[in-house]
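Okay, here's what each chain looks like letter by letter:
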Amino acid sequence: MTLRSPELLLPAGSLDKMRAAYDFGADAVYAGQPRYSLRARNNEFRLEQIAQGIAEAHARGKKFFVTSNLLPHNDKVRTYLRDIEPVIALRPDALIMADPGLIMLVLEKMEHGGWPEVPIHLSVQANTMNYAAVKFWQKVGIARIILSRELSLDEVAKIRDECPDIELEVFVHGALCIAYSGRCLLSGYFNRRDPNQGTCTNACRWNYQTRPAALDPNTGEPIAQPMEADFSFNQAQEEAQATFAACGGSARHPLADQVYLLEEKERPGQLMPIMEDEHGTYIMNSKDLRAVEHVQRLVEIGVDSLKIEGRTKSLYYVARTAQVYRRAIDDAVAGRPFDPTLITELEGLANRGYTSGFLERRPMHDYQNYETGHSTARRSQFVAEVRAVGDGWAEVETKNRFDVGDLLEVIHPSGNRLLRLTQMVNLEGQPVQCAQGSPVRVRIPLEGPAEGALLARVLESA
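Since this is a predicted model, take the numbers as computed values, not measurements. (Residues numbered from 1 in each chain as written. Predicted model: local features only at pLDDT ≥ 70, side-chain atom pairs only at ≥ 80, totals over all residues. Heavy atoms only, no water.)

*Asks:* Would you take a moment to explain the packing of helix H1 (residues 15–23) against helix H10 (residues 315–334) for this structure?
*Replies:* Packed helices, taken two at a time, are described by their axes: the angle between them and the distance between them. Between H1 and H10, whose axes approach to 8 Å, the crossing angle comes to 20°. One finds that H1 runs roughly parallel with respect to H10. When you trace H1 past H10, the crossing you get is right-handed. Contact with H1, carried on its side by Asp-16, Lys-17, Ala-20 and Ala-21, involves Leu-315, Val-318 and Ala-322 of H10 and no other residues of that element. (Axes fitted to C-alpha atoms, helices over the stretch in contact; angles between N-to-C directions. Helix = DSSP H or I, 4+ residues; strand = E, 2+ residues; numbered from the N terminus. Parallel < 35°, antiparallel > 145°, perpendicular 65-115°, else oblique. Left-handed = near helix turned anticlockwise from the far one by under 90°. Contact = heavy atoms within 4.5 Å.)

In structure tokens form, the structure reads like this:
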């Protein structure tokens with residue numbers, strides 16, 4: 001059986017990240033206008049940048065998709081057609097949309113209003129879970145369905161079998177939402193910044209402390225209780241679990257009716273009730289999706305596009321994920337066995353622990369990161385970008401500290417290599433032993449392809 005190579009689709013939070021995605025193996029990128037996509041923050045793509053991005057993509061034989069997937073209130077519906085018309089005139093390779101009303105308006109303009117035809121991809125925001133829904137959207141005129149993150153590999157395969165003549169896209173890497181993809185309300189609840197309007201503040205990843213409470217017998221409202229100096233939520237839970245187990249599990253769990261209050265680290269004194277016995281203090285912090293080990297199966301299923309999340313992530317993240325998933329796709333199509341070192345390379349990215357999400361059915365604790373709420377880099381750390389090369393030396397701009405004697409990985413589209421750093425000078429040519437964090441510039445000896453390379457310090461004790 002001849003396997004078809006799926007498209008590798010990367011996020012573009014900026015033009016530089018777009019270029020890095022293409023350099024390291026992406027076939028396409030997605031970016032969106034801040035007002036109408038779900039990335040209003042850290043997004044430089046105004047109309048001018050979208051035009052430049054589309055032009056550069058097409059000059060390289062690549063694709064550029066425009067994300068327009070918010071769930072709008074009336075005010076944005078009123079301005080939408082006016083603002084999207086000049087974008088469509090630029091001929092992006094697709095619009096990524098979620099709202100049925102906006103989709104209807106755009107399709108009507110394409111059919112009767114003289115707008116050029118641009119394919120519409122249905123956003124993961126629409127939470128397409130089954131083949132019947134796929135067939136519905138296909139009849140509407142949608143060209144590609146971005147399937148819900150909540151599907152298993154077998155469910156994706158079933159949809160492919162039932163819907164052989166429409167493009168399917170699946171997320172394979174990046175952050176997972178605490179609710180159905182993109183539907184979280186925490187940010188809007190805490191600080192009036194609505195995730196569904198592009199201003200998510202990732203409240204699910206904040207640090208929360210747990211405080212005991214009791215219900216007021218008159219009002220039923222939770223009231224904070226004095227907290228003992230050595231109070232431990234986890235210990236209290238363990239003791240309750242032991243009591244429950246001692247009675248054979250036949251009685252009601254001691255914590256079933258217990259009330260706790262949450263206090264966010266940066267909002268002392270603002271107590272929020274929670275009625276469940278969650279584990280740890282980062283109770284809503286999901287692990288990150290990593291499905292590189294399932295690329296082979298997705299290729300065999302016939303998925304048309306493999307998508308990586310992260311328009312607010314770093315250029316290093318874009319380059320590294322593009323390179324790793326490009327190799328995984330090429331290996332799968334060529335019939336080569338999966339290379340487990342690809343997993344190791346992804347460990348070099350800051351992450352909150354990895355899970356394959358719902359692609360594999362696992363116990364729920366695998367989806368939730370109870371142990372580590374903060375990002376960690378377990379194998380390597382991004383330390384610098386190469387800004388100029390010449391005469392066997394490279395001028396680099398530092399992002400994190402590194403020292404003479406460190407083992408560095410040179411990450412380049414032509415291939416990666418290791419380098420033991422033996423010397424380093426500042427821009428005046430004076431020897432230095434340490435390059436402090438951003439934004440210092442130093443020069444290091446560097447042979448071979450290096451233009452546009454990224455440098456990572458290998459954590460040799462890892």
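*Asks:* Is there a simple way to think about the nonpolar core in this case?
*Replies:* The nonpolar side chains of a soluble globular protein tend to be buried, and buried together. Residues Phe-64, Val-106, Ile-145, Leu-147 and Tyr-325 are the most contacted members of the largest nonpolar core, which totals 79 residues. Tallying contributions element by element places H10 first for this core, with 11 residues. In contact with Phe-64, not counting residues within four places along its chain, are Met-18, Tyr-22, Val-29, Ala-31, Phe-45, Ile-50, Gly-53, Ile-54, Ala-57, Pro-92, Asp-93 and Ala-94. Counting residues in hydrophobic clusters, the runner-up holds 17 residues, among them Val-386, Val-396, Leu-421 and Ala-435. (Core = buried A, V, L, I, M, F, W, Y, C linked by side-chain atoms within 4.5 Å. Buried < 20%, exposed > 50% of the residue type's maximum accessible area, 1.4 Å probe, protein only.)

*Asks:* So what exactly am I meant to see when it comes to H10 here?
*Replies:* Between the first and last C-alpha of H10 there are 28 Å, a value that for 20 residues agrees with the 28 Å anticipated at 1.5 Å per step. With 16 of its 20 residues buried, H10 lies for the most part within the structure. Count one or two residues on from H10 and you reach Gly-335, which has phi positive near 85°. (Expected span 1.5 Å × (residues − 1).)

*Asks:* Before we go on, may I ask you to explain the packing of helix H5 (residues 131–140) against helix H6 (residues 153–162) in this structure?
*Replies:* Here H5 crosses H6 at 45°, and the two axes come no closer than 9 Å. Taken together, the axis directions place H5 and H6 in an arrangement best described as oblique. As for the relative orientation of H5 and H6, their crossing is right-handed in sense. For the pair H5 and H6, the contacting residues are Tyr-131, Val-134 and Lys-135 in the first and Lys-158, Ile-159 and Glu-162 in the second.

Functional significance is not addressed by these values, which are geometric in nature.
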